[in-house]
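A look at the structure
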Number of protein chains: 6
Amino acid sequence: MRVDGRKNDELRQVSITRNFTKYAPGSVLVKFGDTKVLCTAFPEEKVPQFLRGTQEGWITAEYSMLPSSTQTRKPRDISRLKLDSRSAEIQRLIGRSLRSVTDLKMLGERTVWIDCDVLQADAGTRVASITGAYIALCDAVNDLIKKGILKENPVTDSVAAVSVGIVDGEMLTDLCYEEDSRAQVDMNVVMTGSGDIIELQLTGEKQPLKRKELDALLEMSKNAITEIIKVQLEAFRD
Amino acid sequence: MRVDGRKNDELRQVSITRNFTKYAPGSVLVKFGDTKVLCTAFPEEKVPQFLRGTQEGWITAEYSMLPSSTQTRKPRDISRLKLDSRSAEIQRLIGRSLRSVTDLKMLGERTVWIDCDVLQADAGTRVASITGAYIALCDAVNDLIKKGILKENPVTDSVAAVSVGIVDGEMLTDLCYEEDSRAQVDMNVVMTGSGDIIELQLTGEKQPLKRKELDALLEMSKNAITEIIKVQLEAFRD
Amino acid sequence: MRVDGRKNDELRQVSITRNFTKYAPGSVLVKFGDTKVLCTAFPEEKVPQFLRGTQEGWITAEYSMLPSSTQTRKPRDISRLKLDSRSAEIQRLIGRSLRSVTDLKMLGERTVWIDCDVLQADAGTRVASITGAYIALCDAVNDLIKKGILKENPVTDSVAAVSVGIVDGEMLTDLCYEEDSRAQVDMNVVMTGSGDIIELQLTGEKQPLKRKELDALLEMSKNAITEIIKVQLEAFRD
Amino acid sequence: MRVDGRKNDELRQVSITRNFTKYAPGSVLVKFGDTKVLCTAFPEEKVPQFLRGTQEGWITAEYSMLPSSTQTRKPRDISRLKLDSRSAEIQRLIGRSLRSVTDLKMLGERTVWIDCDVLQADAGTRVASITGAYIALCDAVNDLIKKGILKENPVTDSVAAVSVGIVDGEMLTDLCYEEDSRAQVDMNVVMTGSGDIIELQLTGEKQPLKRKELDALLEMSKNAITEIIKVQLEAFRD
Amino acid sequence: MRVDGRKNDELRQVSITRNFTKYAPGSVLVKFGDTKVLCTAFPEEKVPQFLRGTQEGWITAEYSMLPSSTQTRKPRDISRLKLDSRSAEIQRLIGRSLRSVTDLKMLGERTVWIDCDVLQADAGTRVASITGAYIALCDAVNDLIKKGILKENPVTDSVAAVSVGIVDGEMLTDLCYEEDSRAQVDMNVVMTGSGDIIELQLTGEKQPLKRKELDALLEMSKNAITEIIKVQLEAFRD
Amino acid sequence: MRVDGRKNDELRQVSITRNFTKYAPGSVLVKFGDTKVLCTAFPEEKVPQFLRGTQEGWITAEYSMLPSSTQTRKPRDISRLKLDSRSAEIQRLIGRSLRSVTDLKMLGERTVWIDCDVLQADAGTRVASITGAYIALCDAVNDLIKKGILKENPVTDSVAAVSVGIVDGEMLTDLCYEEDSRAQVDMNVVMTGSGDIIELQLTGEKQPLKRKELDALLEMSKNAITEIIKVQLEAFRD
């Protein structure tokens, strides 16, 4: 039995609230249990230097944790004048994940800015961010279509993510902080709606992983993502 | 009649939600209409260099706006490597306001970190921050008392704040963004529960202020703060 | 009797030296007693991004203290890679004060850079800065007129500033450092030549202020500013 | 046939030169074809704050590309005042990989600083870095043993890494830049000497990956790593 | 005849005002013609890390130009977040020059902070800085002696500096800006009171220098420094 | 006899390897004994702001030491967010030295970026950098000629550099680290192929220099540079 009473392959309560704030055309509060992330999408009619004149668009993501989102207060990046390295890594992951399901030529020469701000962190913030940011991206893109700026929807597939891991020899789905901090193996999986793998980040810092353990974790994550996609679909229905 | 149907001396709906997140012992979501700020208070058993060995404590505040909190996306401070000047000014104001109602000797050699993170900005974020941060401070201090770290409550008075201004020749209470951006005169007032002035910031960048106009604005702000204090008291009752 | 023998409502010796250095068209050394600030004004034929194409001009101020201007050496901002928060607050105040007496449309699409560098600080540096910067601005604007770049003078009123406060229960005009560091209440007032209020910053960090005390302080500051304006006028006569 | 004539599952020439420079006790030049990385290991008798007093050690890595290591000159991080995000991600990966094969308690309260400086980049710099840094770490640890600072060898297993990917539908081992820039799928695998997985980073930004493709890529990478470990062993023999 | 009517080997008017500001125990305004630099010396009872426990002291210098000190406004270092490279070079020169005439063991484990802030620049700011900073250092050291902190004077010799150069084929002493900007060769010489060379920086960016030209420039600089030392001696007499 | 068995006026083994890496058109590994510097030259079809539209080109240099190039690990600039002051000084020197032998009008409106990255430092890194960077510059310029971008060679003379100094009363050529750290006088000389002086930096921090000692050091450096130029010429012959 897990610390919060879940079965090994059970997700925490996943919930998605659209239009959480009013300025960004995509604004989603996503919860994986006690992990809460505000994911927003703001289109801008400009692209980075390397894309100017190519008629291609871009999706870029920024990830940050509020100082009060962690067990002990986390100092702000600006007070140290350095972007947190872990944040840098995560925001690159979010950006790649969303670009992989977007036709950037169809998006046209504009950028969609994705912001994932963690209000409360109980592990799994990066997978929650990807799961929520996908909805925010869709809402922002639909707003561009409604305004006549885009003709067609450049989002080509859905995307969701989950973390799985091995804790005290047990394979677990959707680790909470207490589990995550003791995990031997930690794996984040990003998949399309059709079950293909977009990103996979596996870390066995505390214990290397056998090949067949990887197979089992992949199976677990696929099942979990199927559940998460259902929550995404329900959110669209609202 | 104002843009949102209010009377000139009428506040927007002010609401205060305690325990909004779970890690900080003081965590408050404060709303002044569509302005929403997460105010948290985290005690730390350390003081800044200049207070070491003095047995006196400190309260320090940080203020920041989420990129998605404004009408057009606001770039993060860390991307420019500079703390926003307006944020610097506001966080100094919040810190002074809370210190003015706290007996720092009684607080003992520890710091209370106040974080005010604006989730959605519709003007008045600094006065909402002070109003909410006061509640977060009280909750954090009570937590210290409950844990036996503090014997007595060092908070000596309550504090609340409001903005008033002159828009198109009309004196208005609690300006929303649409009013604020057109205001000739903008005044932020911080008062104690007993109606004395802690901080007053008046800016007549677009039109200097006559002395008797100041008197009228002070009257308006005192009335408004009386209302806000009622909401604070109700929040404690919950 | 005050530490330097002044009466409660007496200013320190205020003096203004124009053309203190030779490159900036406006270059003023202003002294309020032992407080000495070099205020310069440099026009530039460019405006910030947000004003391009609007045919409106801008006035921006920067404020800094020399490392040797304070009782113990003050480390330079660049050595900490951070603009001092207090400096950030003060330079915003100086900029607003000067813009409030300037017709920015008449100034045309150019910027006037105001630099206030404190050579020696004995309290009141911000009000000395505003008082001196106004003269530097006028000299720079007159230089633009002389060169035929401007036709009319966009400066619409004069501006001066003073600090007042309550120290050991006494209301005092133009606090020196020894008084300022013990003040219960500290108030900076910026007024036009006609006696209207442009900016008012009141801080009662150590003791909240009663309403009638505010009235008395405002009266004191108005009288002091009348004296300061006389010094400004004399400076122009030279 | 690949651009450089290799078979699909063929590594580039991998070579390892120890003692490449004279100050660091571990100093290795590693080449994967035209990719050349200088990997050094410098022990320091200090640990980061969070480990003080725990009698545990730490291994930390920094990764950087020389400005002249890329096809067009890469500006230095210091000129932009920001650590490159990709470098941040890679150096975290290198650090985790080496820590996973080191008993940090046995290392004792000291840090080993790993520096991976890319002299020439032709793709695969992160896997070359890990492969070379392992040798540098071993040399530095042996130096600590020789000096009597360490009694036992805290390195518990060997570690090597390789990149594999899918280019134009073909699965390829050890991509060079020309292949890497066209890859649909890119995967970096870090394994122990015994063939277990330490880290796995898979990116299908341009095309999601089927499960059985992943299986095939894992097989390829395992074979390649077996070859690389042989080169590591030879390097030790010298 | 030179632009300002001087003979080729003639200095501009050199003047030294001690006690220019009141907080630093050494505070000197030095002028070389229109070049004006405020040089101050602040002792601090601390040394940099590398000297702790050695009972040796340190002298460190910082050099900066006020934004208004140059013909067109010079942006502040903090606005670019980078110390100006030329300033970095100059402050290292000033520090070395003063340390070369100070017995750091006799100074004891303390630092003297030298600040050279250029109020107005008309070329020669670095040599004026050294010339003035020497006086400020002496005043600060004498203050330490007067306070009983130092027993003996650790300053072992005097130091002064001058610039010489070749402009339009003419060898000139103490170049002003108009000359300096056209110079083929520019040389800064720092000498002791006894005429020995402490520092020599020669730049022939626009035209390499013949050996016998160097001899002639050295002769000129020695003569000029003899004059400057007289001014220093007079300053002490006041 | 010197620590490494050399005669007082004897250079260490100087060697120059061209085409050390493959992307920069000029890429040179230069060694002065155990001092090893990678010098590269990358042309860019752009000039700094102040040269736009002038049809003149620019040569700019950056100098950096790898963390592992020194006896104890040198922290990276980016980890302190500050360009090392000594590096700032050296890269200015390298840039001036190369510009002094280049006709910038003939170079046309383009920049040549020189990067000098020290792989191993045993004193004399700045003079090795200049000596090697000259070769890299020539190779890059010849590449521009070969590509038809330049018609004529804008490099007008050769340039080489050496350090000389006084150690324990002995005048020595090309100091190694052990000598350099004990030197009373340290002098870096940059000369053209025809023996004229381009740059001269003399530091007598530990002991002022007599005039006739300077003469002797200049003689020594001229002889040494004659030798170094021979190595440069041989390098071209390969």
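Calculation notes
Residues numbered from 1 in each chain as written. Chains lettered and ligands numbered in written order. Predicted model: local features only at pLDDT ≥ 70, side-chain atom pairs only at ≥ 80, totals over all residues. Heavy atoms only, no water. Helix = DSSP H or I, 4+ residues; strand = E, 2+ residues; numbered from the N terminus. Rg over C-alpha atoms; globule rule 2.2 N^0.38 Å. Buried < 20%, exposed > 50% of the residue type's maximum accessible area, 1.4 Å probe, protein only. Areas by Shrake-Rupley, 256 points an atom, 1.4 Å probe, with all protein chains shown as cover. Lys, Arg positive; Asp, Glu negative; His and termini not counted. Charge placed at Lys NZ, Arg CZ, Asp CG, Glu CD. Disulfide = S-S within 2.5 Å. Phe/Tyr/Trp six-rings, centres within 6.5 Å; stacked < 30°, edge-to-face > 60°. Core = buried A, V, L, I, M, F, W, Y, C linked by side-chain atoms within 4.5 Å. Contact = heavy atoms within 4.5 Å. Least-squares fit on C-alpha atoms with pLDDT ≥ 70 in both. Pairing = 2+ DSSP bridges. Axes fitted to C-alpha atoms, helices over the stretch in contact; angles between N-to-C directions. Buried area = accessible area lost by both parts, 1.4 Å probe. Salt bridge = Lys/Arg side-chain N within 4 Å of Asp/Glu carboxyl O. Nonpolar A, V, L, I, M, F, W, Y, C, P; charged D, E, K, R; others polar. Expected span 1.5 Å × (residues − 1). Parallel < 35°, antiparallel > 145°, perpendicular 65-115°, else oblique. Left-handed = near helix turned anticlockwise from the far one by under 90°. Polar contact = N/O pair within 3.5 Å; in protein donor to acceptor, adjacent residues only side chain to side chain.

**Points about the overall build of chain A**
A count of helical and extended segments in chain A gives six helices and nine strands. Radius of gyration (C-alpha) of chain A: 18 Å, near the 18 Å computed for a compact globule of 238 residues. Each of the three principal axes of chain A carries a C-alpha extent, and together these read 55 × 45 × 35 Å. The 238 residues of chain A split such that 62% are buried. Summed over all atoms, the accessible surface of chain A reaches about 9,100 Å², with 48% contributed by carbon and sulfur. Across chain A, the mean location of the 33 positive side-chain charges is 4 Å away from that of the 36 negative side-chain charges.

**Notes on the state of the cysteines**
Counted by the stated rule, this structure contains zero disulfides over all chains. For C116(F), which is in no disulfide, the shortest distance to another cysteine sulfur is to C39(F) and amounts to 4.1 Å.

**Thoughts on the packing of aromatic side chains**
Residues and elements named next belong to chain A. Per the stated rule, a full pass over the model turns up 12 aromatic pairs over all chains. When the centroid spacing of 5.2 Å and the interplanar angle of 85° are considered together, the rings of F50 and W58 count as edge-to-face. With centroids separated by 6.2 Å and ring planes inclined at 90°, the aromatic side chains of Y134 and F236 adopt a geometry described as edge-to-face. Taken as a pair, Y134 in helix α4 (residues 125-146) and F236 in helix α6 (residues 211-237) lie far apart in primary sequence, 102 residues in all.

**A word on the nonpolar core**
In terms of nonpolar packing, the biggest core is built from 137 residues, with I94(E), I114(E), I94(F) and I114(F) touching the most fellow members. When sequence neighbours within four positions are dropped, the list of residues in contact with I94(F) reads A61(F), Y63(F), I114(F), C116(F), S129(F), I130(F) and A133(F).

**Remarks on the environment of P43(F)**
Residues and elements named next belong to chain F. As for its position among the elements, P43 is in strand β3 (residues 35-44). P43 sits in the partly exposed class, given a relative accessible area of 23%. C-alpha of P43 to C-alpha of T54: the two residues are 11 residues apart in sequence and 18 Å apart in space. For P43, the residues in contact, after removing those within four places along its chain, are P25, T111, V112, A140 and L144.

**Here we look at the relation of the copies chain D and chain F**
Rotating chain D by 180° and translating it 0.0 Å along the rotation axis places it on chain F, where the RMSD comes to 0.0 Å. What the superposition gives is, in effect, a two-fold axis relating one chain to the other. The position closest to the rotation axis in chain D is occupied by the C-alpha of I78(D), lying 2.6 Å away. Mapped onto chain F, 100% of the interface residues of chain D are again interface residues, and the two copies thus contact each other with one and the same surface.

**Notes on the sheet that holds strand β6 (residues 159-167) of chain F**
The pairing of strands in a sheet comes from backbone hydrogen bonds and takes either a parallel or an antiparallel form. Taken together, the eight strands give an open sheet; going across it, the order is β7(E)-β6(E)-β8(E)-β9(E)-β9(F)-β8(F)-β6(F)-β7(F), and neighbouring strands pair in antiparallel fashion. Edge positions in the sheet fall to β7 (170-173) of chain E together with β7 (170-173) of chain F, since each of these pairs with one other strand and no more. Ignoring which end each strand starts from, the neighbouring axes of this sheet average 15° apart. One ladder, built from eight bridges, connects β6(F) with strand β8 (residues 185-192) of chain F; its direction is antiparallel. Opposite S163(F), over in β8(F), you have N188(F) as the bridge partner. Its contacts with the sheet put helix α4 (residues 125-146) of chain F on β6, β8 and β9 (197-203) of chain F, and the angle it makes with β6(F) is roughly 165°.

**Quick notes on the interface of chain D and chain F**
How large an interface is tends to be reported as the accessible area lost when its parts come together. The interface of chain D with chain F comprises 33 residues on the first partner and 33 residues on the second. Carbon and sulfur atoms supply 57% of the area buried between chain D and chain F, which totals about 2,900 Å² over both sides. Joining chain D to chain F, the criterion identifies 14 salt bridges. Where R76(F) meets D117(D), a salt bridge forms, and the shortest distance between an N and an O atom there is 2.9 Å. Of all the secondary-structure elements, those providing two or more residues to the side of chain D that touches chain F are β3 (35-44), β4 (58-65), α1 (77-80) and β5 (111-120) of chain D. The element best represented in the side of chain D that touches chain F is β5(D), accounting for six residues. Classifying every residue of the side of chain D that touches chain F gives 13 nonpolar, nine polar and 11 charged.

**Focus: helix α4 (residues 125-146) of chain B**
Residues and elements named next belong to chain B. Taking 1.5 Å as the rise per residue, α4 with 22 residues should run 32 Å; its terminal C-alpha atoms sit 31 Å apart, in good agreement. Counting buried positions along α4 yields 19 of 22 residues, so the element is predominantly enclosed. Within two residues after α4, G148 carries a phi angle of roughly 80°, on the positive side.

**Things to note about the packing of α4(F) against helix α6 (residues 211-237) of chain F**
All names here are of chain F. Where α4 meets α6, the closest approach of the two axes is 11 Å, and the angle between their N-to-C directions is 30°. Here α6 runs roughly parallel to α4, going by the angle between their axes. Of the two elements, α4 crosses α6, and the hand of that crossing is right-handed. Of α6, the residues touching α4 (which contributes T131, Y134, I135, C138 and D139) are I228, Q232 and F236.

**With respect to the side chain of D84(B)**
All names here are of chain B. Relative to the elements of secondary structure, D84 occurs in the loop between α1 (77-80) and α2 (85-99). You can call D84 buried: its relative accessible area is 15%. Reaching out from D84, the side chain makes a polar contact with the side chain of K74 at a distance of 3.2 Å. A distance of 3.2 Å separates a polar side-chain atom of D84 from the backbone nitrogen of R86.

**What about the arrangement of the chains?**
Across the gap from chain A to chain E, with no contact made, the nearest C-alpha atoms are 11 Å apart. The closest approach of any C-alpha atom in chain B to one in chain F is 11 Å; the two make no contact.

**A word on the environment of E213(C)**
Residue and element names in this part refer to chain C. Counting through the fold element by element, E213 comes out in helix α6 (residues 211-237). Considered as a pair, E213 and Q71 are 142 residues apart in the sequence and their alpha carbons are 31 Å apart. In this structure, E213 is in contact with I166, M171 and P208, ignoring residues within four places of it in sequence.

**Quick notes on the pattern of salt bridges**
Residues and elements named next belong to chain B. Counted by the stated rule, this structure contains 162 salt bridges over all chains. The salt bridge partner of E199 is R96, with a shortest N-O separation of 2.7 Å. Of this pair, E199 sits in strand β9 (residues 197-203) while R96 sits in helix α2; the two residues are 103 residues apart in sequence, bridging distant segments of the chain. In this structure E199 comes out as buried when scored by relative accessible area, which is 1%.

**What to know about the pairing of strand β9 (residues 197-203) of chain C**
Most of β9(C) sits out of view: seven of its seven residues are buried. Of the pairings in the sheet, the one linking β9(B) to β9(C) comprises five bridges and is antiparallel in character. What sits directly across from L200(B), in β9(C), is L202(C). Sheet analysis places strand β8 (residues 185-192) of chain C next to β9(C), joined by six bridges and oriented antiparallel. By the bridge assignment for β9(C), V190(C) is matched with E199(C).

**Some details on α2(B)**
Residues and elements named next belong to chain B. For α2, with 15 residues, the first-to-last C-alpha span of 21 Å sits near the 21 Å given by 1.5 Å per residue. The buried count for α2 comes to 12 of 15 residues, which makes it a mostly enclosed element. Those residues of α2 that sit buried are S87, A88, E89, I90, Q91, L93, I94, G95, R96, S97, L98 and R99. Of the residues that open α2, the one with a side-chain oxygen 3.2 Å from the backbone nitrogen of R86 is D84.

**So, unusual backbone geometry**
A negative phi angle is the norm for most residues apart from glycine, just as the trans form is the norm for most peptide bonds. Residue and element names in this part refer to chain F. The phi dihedral of L81 falls on the positive side, at around 60°, and the residue is not glycine. For L81, the location among the structural elements is in the loop between α1 (77-80) and α2 (85-99). Positive phi outside glycine occurs at D174, with the angle close to 55°. Using a relative accessible area of 0% as the deciding quantity, one classes D174 as buried.

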